[in-house]
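# Close look at the chain arrangement
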Amino acid sequence: MTEVRPDEAASASLWERDEEVTAVLRAVDTLCADRSSSGGLLVVQGEAGLGKTALLAEIRRLAQQRGCTVWSARGGEILKSVPFNVVRQLLQPALMSLMPEEAREYLGDWYDIAGPALGIAEPGARQADPQGVCDGLVAAVRRLAKREWPLVLLIDDAHWADEETVRWLAAFAERLDDLSVLVVVARRTGEASGDSARRLDAVAAAAGVSTLSALTPEATAGLTRATLGPHADAPFCREVWAVTGGNPYETVELLAKVQDSELEPVEAQAGELRALNRSARGGGLVARLEELGIDATRFAWAAAILGTDISVDLVARLATMGREDAVRCAELLRGARILTKPDPATSHGDDGDLEFVHPLIATAVYNSIPDALRTAMHGIAAQVVSDSGLGAAAASRHLLQVHPDDEELVEQLRKAAREHLAVGAPDAARRCLERALLEPPTPEVHARVLYELGCAALLTAPATTIEHLQRALGMPGLDGDTRVDAVWRLSQAMLHNNQLEEAVRTVEAEAARHEPGPTRLRLQAVQYMWEGLHAGETGSPDRSERLAELAARCTGRDNAERALLILRGFDAMTRGENAEEIIEVCDRALVNGRLAPGFGWTDTEWGIELLLMLAGAYAYCDRLDRAEALYTEALRTYEIAGWSGGHLALAHAYVGLGHRRRGRLREAEAALRESLRLAERVGRGLPLYWTASCNLVDTLLARGHVEEAWEVAERYGFTPPYPATILIPDPRCVRGRLLLAVGRTKDGINELEAAEKAAAARGHHNPVMVPWAADLARALATEDPARAGRLAADNRRQAERFGTDTAIGEALRCAAALETGQRAVRLAAQAVTYLEASPCQYEHAAARVEYGIASRSVAELDRGLALARSCGADGLVAQARQVLESGRGLR
């Protein structure tokens, strides 16, 4: 049992905590040993009143004794709806102590991204990306930690932390291995729900966990005697334990009541303990509060409504009382152990702030406020907060509690939603707008509120977005560009919700409402875009002909025409039409060789799908210079803007695709693994997730890492059924090649035949993007050589029609693989000639090795080996070295 002197009775929660304190000391000593020491993560959990807060206070004391910097924060039950509340408590004091230029220097590029969420910088005009803001907050702590080493972060009542803080905490906990920071989190189990609970459980799973238990009868007796004196007899001490269940907080409160009542701690008086205990909690606490008078009760209620930043002046305004009366009430409540002055070591407010002695008291006082009065007081609090200059977002948590009977609230809540979106808190914005709908809004603005709500939920809840936007479009009030934008966003949400056919029909129906002109042309372009991305047969059979006819009349004079040109180029590329003509069409969509204004990677009018289609057309038409420039620009743009969610995941995936096409396989693998890491945070099953996993499997196969490719496919669910959107490269072809590589020949052939049927149904005849024919021909070479020969011949015709060096070279490689003798040598030599002119160096290396083997040429094998090494194609390297080392028949 931890020894506690009589004057340390307030530290009751440290009784029987030797094990926990030892773990803390060990973690602090590790942290302080060296700047390069890895970070630590401790989680203290248990029911209310078991001493989590007291243990955190001891951690603070021990850490500061050893020269650590300690920052702390605390969640609040009625503050869970305030975004970034806890992380602001944690970081704001340190950042506010810096000069603005110092803060900008320490945060670097993350200042404009994380600064608004932390309340130290003004938000930008564009909606912030939530994942980017989360990553910015992680980076902020990482950079500040290097300045403040050794740093300890304490987070109390994490179960009541806002969702944005919990997201940051989970992300930060994953990155502690290379950072000298000790993070200690205290929480009640079973209190959080939804995503917050899942993330807190993940944090606990990665941490050293201390689960606190109640005091034993022996510890309770020791605490009783330390508080009341050594003359407290054993039966009395035993009854204290029986009444409180060994809960340290309840024990301290009960013993304080015993002292106040001057009850003698002997067996004869033990029967009074249960009545005293009832007065210290729940209804007894409320009765005790009422005994202090109506003014003190009003003051306590106002303090509970505010929850944080409780100052006498602010409470006085909310409770509508004079300052002198407010000061008197504050003293009464402190004397009654309901309110207290914060510990200066943990305070985040100005001098004179107040806080509740314990969260249990705050909850009991808040719940004791009559419902109607509580609602009214929240309304007054919203006004007080707004009048204090803290903004609509700060007032919004109170506005959410007000009765739906005030039309002015709609505009206040809409403004608050915009402020929340600007700092990267779309869930908080959604709550404000959902609340605004309860007023309800006037008919003139109802549709706009639904539209704004749909936009706020677009990235996080596409199904909800669809519902809100469909309702908005069915009401009057959305006209002109706003209506078109709503249709565009609705179709985007349907795309992300795997409802691509509905997306096409929605845009098609809206286009029919408009006369010929720019608006109708834009909607037609969107319709063609969704049809072009669909893996099924959504479009009509003559879709490509209609698109070609429409694009032929486009000169690229505006973005609608440029969009149609891009769509025409991409469609022609998938169909395997002449590559030179495709490039000419795509070039017409550019302005001086660059994307036109309004076509930026972060512009929302057209989205990123169109730009990825443009880059894809260039990539498969052997214009990798332009494709890679677009992919790199996307990555750089998203990193600068702080977009760390699905957009950045896609950018890394397509950068990886560019490396793969170029033959830089190591770089491709690194980019694609980063893409998958980011995609995991967004959610499995989305097209971006498939893009990353498909390309990674393809790259690992090219590297010759077959077992690893299979493990990746299994881990990330790269198996049928495939998504409704088109992926590059074709997933069936990649899956078929994988199955062949692991020896499942029959399954591989079946998968490639399925790819053949799907490609024929969609009219996709590009032999490079959908290379089923070459792989199937090789697989059938022994079993059905006649069919293999026909496939190779058809593949060559398609390649010559498409006309790129890569396509023709790959077709010749396939043909050579089916031949023997001098004919095989001649075809392999022709393949080398074409692929040497191609930008795809892996395919060139493969052709060199195959030509060297066919011709028994040491020189060609050496050249192929050097190329394969530069590409990172370990399988080709092993193949070439094996032939060279055998030496048989080489010349």
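Look above for the structure.
Notes on the structure in this doc start here. (Residues numbered from 1 in each chain as written. Predicted model: local features only at pLDDT ≥ 70, side-chain atom pairs only at ≥ 80, totals over all residues. Heavy atoms only, no water.)

Side-chain pairs of opposite charge can arise where the charged atoms are in close proximity. Under the counting rule described, the total for this entry stands at 62 salt bridges. A salt bridge links E510 to R513, with the nearest nitrogen and oxygen atoms 2.9 Å apart. We classify E510 as buried; its relative accessible area is 4%. Close ionic contact of D794 with R797 constitutes a salt bridge, the shortest N to O distance being 1.9 Å. In this pair, D794 and R797 both sit in helix 39 (residues 785-802), 3 residues apart, roughly one turn of the helix. (Salt bridge = Lys/Arg side-chain N within 4 Å of Asp/Glu carboxyl O. Buried < 20%, exposed > 50% of the residue type's maximum accessible area, 1.4 Å probe, protein only. Helix = DSSP H or I, 4+ residues; strand = E, 2+ residues; numbered from the N terminus.)

Let us look at the sheet that holds strand 5 (residues 208-211). Read across the sheet, 5 strands follow the order 2-3-4-1-5 without closing on themselves; strand pairing throughout is parallel. The open sheet is flanked by strand 2 (69-74) and strand 5, the only strands paired with a single partner. The sheet shows a mean angle of 15 degrees between the axes of neighbouring strands, taken without regard to direction. The sheet strands contacting helix 3 (residues 85-96) are strand 2 and strand 3 (151-156), and the helix crosses strand 2 at an angle near 150 degrees. (Pairing = 2+ DSSP bridges. Axes fitted to C-alpha atoms, helices over the stretch in contact; angles between N-to-C directions. Contact = heavy atoms within 4.5 Å.)

Scanning all chains against the criterion turns up 9 aromatic pairs. On the basis of an interplanar angle of 20 degrees and a centroid distance of 5.5 Å, the ring pair of W168 and F172 is categorised as stacked. With a gap of 4 residues between them, W168 and F172 both fall in helix 7 (residues 163-173), about one helical turn apart. For F172, a relative accessible area of 0% puts it in the buried group. Taking 5.6 Å as the distance between ring centres and 10 degrees as the angle between the ring planes, the aromatic pair formed by Y638 and W643 counts as stacked. Note on accessibility: Y638 and W643 belong to one class, buried. An aromatic cluster is defined as three or more aromatic residues linked by ring pairs; in this entry it consists of W601, Y638 and W643. Directly above the ring of W606 sits R522, whose terminal nitrogen or CZ lies 5.4 Å from the centroid. (Phe/Tyr/Trp six-rings, centres within 6.5 Å; stacked < 30°, edge-to-face > 60°. Lys NZ or Arg CZ within 6 Å of the ring centre and 35° of its normal.)

Right, let's get into the packing of helix 21 (residues 426-437) against helix 22 (residues 443-456). Between helix 21 and helix 22, the least distance of the axes is 9 Å, while the angle of their chain directions is 160 degrees. Considering the angle they form, helix 21 stands roughly antiparallel to helix 22. Of the two possible hands of crossing, helix 21 and helix 22 adopt the one that is left-handed. Facing P426, A429, R430, L433, E434, A436 and L437 of helix 21, the residues of helix 22 in contact are H446, V449, L450, E452, L453 and A456. (Parallel < 35°, antiparallel > 145°, perpendicular 65-115°, else oblique. Left-handed = near helix turned anticlockwise from the far one by under 90°.)

With that settled, the discussion passes to the pairing of strand 1 (residues 40-45). Counting buried residues in strand 1 gives 5 out of 6 residues, a clear majority hidden from the surface. Pairing of strand 1 with strand 4 (residues 181-187), which is carried by 6 bridges, proceeds in the parallel orientation. Looking across to strand 4, one finds that G40 is bridged to L182. Of the strand pairs in this sheet, strand 1 and strand 5 are connected by 4 bridges, and their pairing is parallel. Its bridge partner being in strand 5, L42 is matched across the sheet by G208.

As a further point, take the packing of helix 10 (residues 234-244) against helix 11 (residues 248-261). Interhelical geometry of helix 10 versus helix 11 gives an angle of 130 degrees and a closest axis separation of 9 Å. Taken together, the axes of helix 10 and helix 11 lie oblique to each other. For helix 10 against helix 11, the interelement crossing comes out right-handed. Contacts between helix 10 and helix 11 involve F236, V240, V243 and T244 from the first element and E250, T251, L254, L255 and V258 from the second.

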